[in-house]
Amino acid sequence: MGPTDTDTDTDSIGLTDTHTDTDTDTEAAAVGTTGIARTVTDVFQPRNVLLVGMLGIGLAAAGHWTGLLWGFLGALCAGLIPAGYIEWERGRGTWGDRHVVDRTKRAPIFFVILGSIGTGSVLMVLGHAPNGILRAMLALWAMTVVLLAVNTVWKISVDAAVASAVIALLAAVHSPWWLLGYTMTVAVCWSRVALRYHTVAQTIAGGTLGATTAAVFLLG
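Residues numbered from 1 in each chain as written. Predicted model: local features only at pLDDT ≥ 70, side-chain atom pairs only at ≥ 80, totals over all residues. Heavy atoms only, no water.

A.B. asks: Before we move on, could you go through the overall build of the protein chain and cite the residues and values that matter?
C.D. replies: In terms of regular secondary structure, the protein chain is built from eight helices and zero strands. Split into buried and exposed, the 220 residues of the protein chain put 41% on the buried side. As displayed, the protein chain offers around 11,300 Å² of accessible surface, 69% of which is attributable to carbon and sulfur atoms. (Helix = DSSP H or I, 4+ residues; strand = E, 2+ residues; numbered from the N terminus. Buried < 20%, exposed > 50% of the residue type's maximum accessible area, 1.4 Å probe, protein only. Areas by Shrake-Rupley, 256 points an atom, 1.4 Å probe, with all protein chains shown as cover.)

Next up, the structure:
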C-alpha cells in the first residue's frame, strides 16, 4: 500500500501543478492583451487623434503653415476643451475615468463638445479660415449631434467615431493614401471591445458614423 499511495500522491500533485500552470498562462495572456488594449485606447484617444488630425487637415486645407493655426483651433475646440472638461468632472468625482462607461451620464459631454465646436466654427467663419478645415469642423459637429441622439437609447463608441472621422477627413482634404490609417481605427475598435467598454456592434456603428459624416460634408 505504501508505494501505491506514493504514486497516487505524485500523480495528483502532477495534475494539480499542470492545471495551475495552464491557468497561470491563460491569466498572463489575458493580462497581456488587456495591457495592449489599454495602451492602444490611451494613445489613440479622441483628444490625441484630433490634435494630430486637425493640424494635418488645417495644413492641407490652407496649403501653407498658417493652416496649422486653424488646425490647432479645431483641435482645441473639438478635442482638448472637451477632454479638459472630462478631467475637471473627474476631479469633482462625477466620473471614474474618461471613458464614462455609463451611457446615461454622457449627455453633458456631448453638449460641451457641441458648444465648443460651434464656437470654433464661428471663429473660423469670422476669420475666413480655409474651406476644408471649416467643413471638417461642421462634420464633427454634425457627428456629435448624431452621437448624442443615438446615446439616448443605445451606447455607441465615440472613440471609434472620432478615429474613423479623422482618417476620412484627412483622406478627403489631403490624399486617399490616408485611408491606410483605418488600421488605426480598427485597432481602436478592437481595444474598446477587448476592454469591455463596447460591443463589436457599438464600435462598428461609431466607425461607420464617423466615415459617413466626413464623406457627406467634404465630398457631398
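A.B. asks: If you had to explain unusual backbone geometry to someone new, which residues and values would you point to?
C.D. replies: For Val 100, which is not a glycine, the phi torsion comes out positive at approximately 40°. Note on placement: Val 100 falls in the loop between helix H3 (66-91) and helix H4 (107-126). The phi angle at His 128 is positive, at roughly 55°, despite the residue not being glycine. Within the secondary structure layout, His 128 lies in the loop between H4 and helix H5 (131-151).

A.B. asks: Break down helix H8 (residues 200-219) for me, with residues and values.
C.D. replies: Look at H8: 28 Å from first C-alpha to last across 20 residues, which is about the 28 Å you get at 1.5 Å a residue. Of all the positions in H8, only Gln 202, Thr 203, Gly 206, Gly 207, Leu 209, Gly 210, Thr 213, Ala 214 and Leu 218 are classed as buried. Down the axis of H8, the buried set is contained in an arc of 155°. They therefore lie on one face. In H8, the exposed residues that point more than 90 degrees away from the buried face are Ile 204, Val 216 and Leu 219. Buried residues along H8 sit against H5, helix H6 (158-173) and helix H7 (182-194). (Expected span 1.5 Å × (residues − 1). Arc of directions from axis to C-beta. Contact = heavy atoms within 4.5 Å.)

A.B. asks: Can you explain the nonpolar core? Please cite residues and give values.
C.D. replies: Core analysis: the biggest nonpolar cluster contains 44 residues, and Met 54, Leu 140, Met 143, Leu 147 and Leu 169 have the highest contact counts within it. Elements supplying a minimum of two residues to this core: helix H2 (46-62), H3, H4, H5, H6, H7 and H8. The biggest single contributor to this core is H6, with 10 residues. (Core = buried A, V, L, I, M, F, W, Y, C linked by side-chain atoms within 4.5 Å.)

A.B. asks: Break down the environment of Phe 217 for me, with residues and values.
C.D. replies: Within the secondary structure layout, Phe 217 lies in helix H8. With relative accessibility at 28%, the residue Phe 217 sits in the partly exposed group.

A.B. asks: Explain the environment of Ser 121 residue by residue, including any values.
C.D. replies: Tracing the sequence through the fold places Ser 121 in helix H4. Taking the C-alpha atoms as reference, Ser 121 lies 6.3 Å from Met 137; in sequence the two are 16 residues apart. The residues touching Ser 121, leaving out its near neighbours within four places in the chain, are Leu 134, Met 137 and Leu 138.

A.B. asks: Give a description of the packing of H4 against H5 that names residues and reports values.
C.D. replies: At a closest axis distance of 9 Å, the pairing of H4 and H5 adopts a crossing angle of 160°. Viewed along their axes, H4 and H5 adopt a mutual orientation that is roughly antiparallel. Seen from above, H4 lies across H5 with left-handed handedness. On H5, the residues touching Ala 107, Phe 110, Phe 111, Ile 113, Leu 114, Ile 117, Gly 118, Gly 120, Ser 121, Met 124 and Val 125 of H4 are Ile 133, Leu 134, Met 137, Leu 138, Leu 140, Trp 141, Thr 144, Val 145, Leu 147, Leu 148 and Asn 151. Here the residues of the contact of H4 with H5 sort into 17 nonpolar, five polar and no charged. (Axes fitted to C-alpha atoms, helices over the stretch in contact; angles between N-to-C directions. Parallel < 35°, antiparallel > 145°, perpendicular 65-115°, else oblique. Left-handed = near helix turned anticlockwise from the far one by under 90°. Nonpolar A, V, L, I, M, F, W, Y, C, P; charged D, E, K, R; others polar.)

A.B. asks: Provide a residue-level description of the packing of aromatic side chains, including the pertinent values.
C.D. replies: Counted under the stated rule, the structure contains two aromatic pairs. When the centroid spacing of 6.2 Å and the interplanar angle of 40° are considered together, the rings of Tyr 85 and Trp 88 count as tilted. Placement of the pair is Tyr 85 and Trp 88 together in helix H3, with a separation of three residues, close to one helical turn. Ring geometry for Tyr 85 and Trp 95: centres 5.9 Å apart, planes at 75°, overall edge-to-face. Placement of the pair is Tyr 85 in helix H3 and Trp 95 in the loop between H3 and H4, with a sequence separation of 10 residues. Here the aromatic cluster, defined as three or more aromatic residues joined through ring pairs, consists of Tyr 85, Trp 88 and Trp 95. (Phe/Tyr/Trp six-rings, centres within 6.5 Å; stacked < 30°, edge-to-face > 60°.)

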